[in-house]
Amino acid sequence: MPEYIVEPKSRKALRQLADMLRNKLGLSGELWIPIVELLDVLAEVFEDFSYEIVPDSDLSPGIHAETDVHTGHITIKESVYERACDGEGRDRMTIAHEIGHYFTLCFCGFKLHRNFRRQKVKPFYDPEWQAKCFAGEFMVSSQLTSCMSPEEIAKFCGVSLDAATYQAKHRN
Ligand SMILES: [Zn+2]
């Protein structure tokens, strides 16, 4: 059950947000998003954005990275960061996912309510869904990849085949 509920944002709205950010960063024509380098760029552009790389033992075994939604601070496991630097799709997406939390929860000021009653929420209200959706849209431009197969998307955008297949399915 999600701990927080956010204002609903559709895939379309999150795609617009991802495109806007690509534009602002001069990446609108790029298939391959340099997500690792972007961490430093975002820290320069956005005052409240910060991140750190920590030893793997600092985070629980099942957690690859996390974002403090109140401070905008992203913590990334060393092993995840290193694999992302090597171009590993899954780890690149992990970083994009955390950046998604920053942009959907911190930066955009989407209203965040504590889910006191621990009720089941629709995907659009779930911050995890929003971060996942944003990350996919940001890493795989629906415009630039509209004619590509999942295999091509995985190769040219540097994402896992799973993520590429998902984006191909949701591009319209
Ligand atoms: Zn998350």
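Scroll up to find the structure this text is about.
Residues numbered from 1 in each chain as written. Predicted model: local features only at pLDDT ≥ 70, side-chain atom pairs only at ≥ 80, totals over all residues. Heavy atoms only, no water.

**Q** Would you take a moment to explain the coordination of the zinc ion for this structure?
**A** A metal bound by six donors in octahedral fashion has ideal angles of 90 or 180 degrees, whereas one bound by four tetrahedral donors has an ideal angle of 109.5 degrees. The coordination sphere of the zinc ion contains the protein donors His97 (NE2), His101 (NE2), Glu128 (OE) and Glu128 (OE), at a distance range of 2.1 to 2.7 Å. For the zinc ion, the four donor atoms in the first shell make angles of 53 to 137 degrees at the metal, a pattern classed as irregular. Residue classification places His97 among the buried residues on the basis of a relative accessible area of 17%. (Donors = N, O, S within 2.8 Å, 3.2 Å for Na, K, Ca; no water. Tetrahedral: all angles 85-135°; square planar, octahedral: opposite > 155°, others 65-115°. Buried < 20%, exposed > 50% of the residue type's maximum accessible area, 1.4 Å probe, protein only.)

**Q** Just checking my understanding: could you explain the packing of aromatic side chains for this structure?
**A** Two numbers describe a pair of aromatic rings. These are the distance of the centres and the angle of the planes. Enumeration over the complete set of coordinates arrives at six aromatic pairs. When the ring of Phe49 is compared with that of Tyr102, the centres are 4.9 Å apart and the planes differ by 90 degrees; the resulting orientation is edge-to-face. With a gap of 53 residues between them, Phe49 in the loop between α2 (35-45) and β2 (50-54) and Tyr102 in helix α4 (residues 89-107) connect regions that are remote in the sequence. With a relative accessible area of 3%, Phe49 lands in the buried category. You can call Tyr102 buried: its relative accessible area is 0%. Each residue in the set Phe46, Phe49, Tyr102, Phe103, Phe134 and Phe138 is aromatic and connected to the rest through ring pairs, giving one cluster. The cationic tip of Lys132 hangs over the ring face of Tyr166; the distance from NZ or CZ to the ring centre is 4.3 Å. (Phe/Tyr/Trp six-rings, centres within 6.5 Å; stacked < 30°, edge-to-face > 60°. Helix = DSSP H or I, 4+ residues; strand = E, 2+ residues; numbered from the N terminus. Lys NZ or Arg CZ within 6 Å of the ring centre and 35° of its normal.)

**Q** Before we go on, may I ask you to explain the nonpolar core in this structure?
**A** Within soluble globular proteins, side chains that are nonpolar generally end up buried alongside one another. Judged by nonpolar contacts, the single largest core of 42 residues is most densely connected at Ile35, Ile99 and Phe138. Broken down by secondary-structure element, the contributors of at least two residues to this core are α1 (11-24), α2, β4 (73-77), α3 (78-85), α4, α5 (127-139), α6 (150-157) and α7 (161-169). Leave out the neighbours within four places in its chain, and Ile99 touches Ile35, Leu39, Leu42, Phe49, Ile74 and Phe134. (Core = buried A, V, L, I, M, F, W, Y, C linked by side-chain atoms within 4.5 Å. Contact = heavy atoms within 4.5 Å.)

**Q** In this structure, what is going on with the pairing of β4? I would like to understand it.
**A** Look at any regular strand and the pattern is simple: side chains alternate between the two faces of the sheet. Counting buried positions along β4 yields four of five residues, so the element is predominantly enclosed. With five bridges connecting them, β2 and β4 associate as parallel partners. In the strand pairing of β4, Glu52 is matched with Thr75. Pairing of strand β3 (residues 65-68) with β4, which is carried by four bridges, proceeds in the antiparallel orientation. Across the sheet, Asp68 pairs through a bridge with His73, a residue of β4. Linking β3 back to β4 in an antiparallel pair, the connection comprises four residues, with Gly72 at a positive phi of about 75 degrees. (Pairing = 2+ DSSP bridges.)

**Q** In this structure, what is going on with α6? I would like to understand it.
**A** The α-helix advances 3.6 residues per turn, and as a result positions three or four apart in sequence lie on the same side. For α6, every residue scored as buried is listed here: Ile153, Ala154 and Cys157. The buried residues of α6 occupy an angular sector of 100 degrees when the element is viewed end-on, so they sit on one face. Counted as exposed and oriented over 90 degrees from the buried face of α6: Glu151 and Lys155. Note on α6: the residue one or two positions beyond its end, Gly158, has a positive phi of about 70 degrees. (Arc of directions from axis to C-beta.)

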